[in-house]
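Here is how the chains run, residue by residue.
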Amino acid sequence: MIYDCIIIGGGAAGFFTAINLARQRQDLNILILERGAQVLEKVRVSGGGRCNVTHAIFEPKPLTGRYPRGNKELLGPFHSFMSGDTMAWFDELGVALKIEEDGRIFPESDSSQTIIDCFLDQAKKLGIELSTKMPVAAVNKVDDTFQVETKTQTFSSASVVVATGSNAKMIRQLASNGLAVIPAVPSLFTFNIDDERITDLAGLATPANVRLFDTNNQQLSTGQYAIDQEGVDGPVLITHWGMSGPGILKLSAWAARELHACDYQFSIRVDWLPEYDRATFGDYLRSLKFDLAKQQVFKRSPFNIPKRLWQQLVLASTISEALKWADLSKVMLQKLEIQLREAQFKVRGKSTFKEEFVTAGGIDLKEIDFKTYQAKKINGLYLVGEILDIDAVTGGFNFQNAWTGGYIAAQALAQKL
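Residues numbered from 1 in each chain as written. Predicted model: local features only at pLDDT ≥ 70, side-chain atom pairs only at ≥ 80, totals over all residues. Heavy atoms only, no water.

### Points about a positive patch on the surface
- The grouping of Arg35, Lys151, Lys169 and Arg172 at the surface amounts to a positive patch.
- Mapped onto the elements, Arg172 comes out in helix H7 (residues 168–176). (Patch = residues over 30% accessible without salt bridge, like charges linked within 9 Å, V, L, I, M, F, W, Y side chains within 5 Å. Areas by Shrake-Rupley, 256 points an atom, 1.4 Å probe, with all protein chains shown as cover. Salt bridge = Lys/Arg side-chain N within 4 Å of Asp/Glu carboxyl O. Lys, Arg positive; Asp, Glu negative; His and termini not counted. Charge placed at Lys NZ, Arg CZ, Asp CG, Glu CD. Helix = DSSP H or I, 4+ residues; strand = E, 2+ residues; numbered from the N terminus.)

### What to know about the nonpolar core
- Grouped together as the largest cluster of nonpolar side chains are 135 residues, with contacts concentrated most on Phe119, Phe191, Ile268, Trp272 and Leu383.
- The dominant element in this core, judged by the number of residues it contributes, is helix H14 (residues 397–416), at 10 residues.
- Contact partners of Trp272, with chain neighbours within four places excluded, come to Thr206, Pro207, Ala208, Ile238, Met243, Ile305, Leu309, Leu313, Gln339, Leu340, Ala343 and Phe345. (Core = buried A, V, L, I, M, F, W, Y, C linked by side-chain atoms within 4.5 Å. Buried < 20%, exposed > 50% of the residue type's maximum accessible area, 1.4 Å probe, protein only. Contact = heavy atoms within 4.5 Å.)

### So, the pairing of strand S13 (residues 232–238)
- Two elements, strand S12 (residues 205–213) and S13, share six bridges in a ladder whose sense is antiparallel. In the strand pairing of S13, Thr206 is matched with Val236.
- Pairing of S13 with strand S14 (residues 242–244), which is carried by two bridges, proceeds in the antiparallel orientation. Paired with Ile238 across the bridge in S14 is Met243.
- Here S13 folds back onto S14, and the loop between the two strands holds three residues. (Pairing = 2+ DSSP bridges.)

### Quick notes on unusual backbone geometry
- Residue Asn217 is not a glycine yet carries a positive backbone phi of 65°.
- Mapped onto the elements of the fold, Asn217 is located in the loop between S12 and helix H8 (225–230).
- One non-glycine residue, Tyr373, lies in positive phi territory at about 65°.
- Checked against the element boundaries, Tyr373 lands in the loop between strand S19 (368–369) and strand S20 (374–375).

### What about the pattern of salt bridges?
- In the structure shown here, the tally under the stated rule is 19 salt bridges.
- The closest approach of N and O atoms between Arg50 and Glu100, which form a salt bridge, is 2.7 Å. Residue Arg50 is located in the loop between helix H2 (41–49) and strand S3 (54–55), and its partner Glu100 is located in the loop between strand S4 (97–99) and strand S5 (104–107); the two are separated by 50 residues in the primary sequence.
- With a shortest N-O distance of 3.3 Å, Asp271 and Arg278 are connected by a salt bridge.
- Salt bridges linked by common partners bring Arg50, Lys98, Glu100, Asp102, Arg104 and Asp110 together as one network.

And the structure:
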């Protein structure tokens, strides 16, 4: 069983590599090995079953800012292939895409099956072989040929592309071949919080700014100055188990390693009114004592904040339902300011964000030549997608990493082979 290229992993990065290579070199024998019974399963469930293909950021530098790990290494590759190229690629194959208000890009069909059908159709037309239920046990290089061993067969190939995502067995296999590994930890997760202020508010979402603190109330450092000092802005969604939403998920990605190190026992401080100047907010709050003197504080919020959340924050400030603004003491106003601008919540654990499990970690990026995605130490071995220590925030960015790596690796293989 001799091939020109074997691709290990039948997901987004694997298929994209195979298709782009086959489109350039239809003379090559290409095989995709997938350990599961189905291919493209992560594509199927992504974006709530709609498949968030990429994001409408069309300049390389701003795009790299969405990657907590890999932002420096991706700058060069994004000059070769990024979100605009992805849209053009799918358009050429008849897949219509749309840009939503928040910048996320989906197929017009609102179905991930459209992307899956596109890939399977191309693979069939281009003669790419596909073998499922074929977990790889070992990859060894003998002279100039790779031996890819499964439980039932051994395949030979001039080149191998590893696109297995965060598969621990494959990472260990690559480590045994001399590649350095960054230990994997979860990224993109929600925070488990048990707090009476949010107990009955599941489903409520509002803009906020969130900062991280350890159990000693020291601000956690992620090594990113702006994020450490200013926190992360984004909508926060209150759930039955705590908090989620883009703001929380973004923070979980940037602080993935720090939160793993503290065993997911930490605190967050939430600013529910980030649009207001902190320096003058106390004065403004005190002015409401006179401007809204006869109004009951509990009944109506003077801010653009959900009513139910406002009421919980008012009660947490020791302000009873009957009190009017004129009745508020200096201490009550101070407590209300804290609840609005620095509400502290204890986090005790995490939950996976839907089915879209993402990890920080994988093959050390120093091992890769990002002009080709070939391993520096092993000629003919290429690594693309989440097998590398690259991960992103939500919004289509993890898929864009897969498309970019797959495209560049295919270009390099087309010339090399």
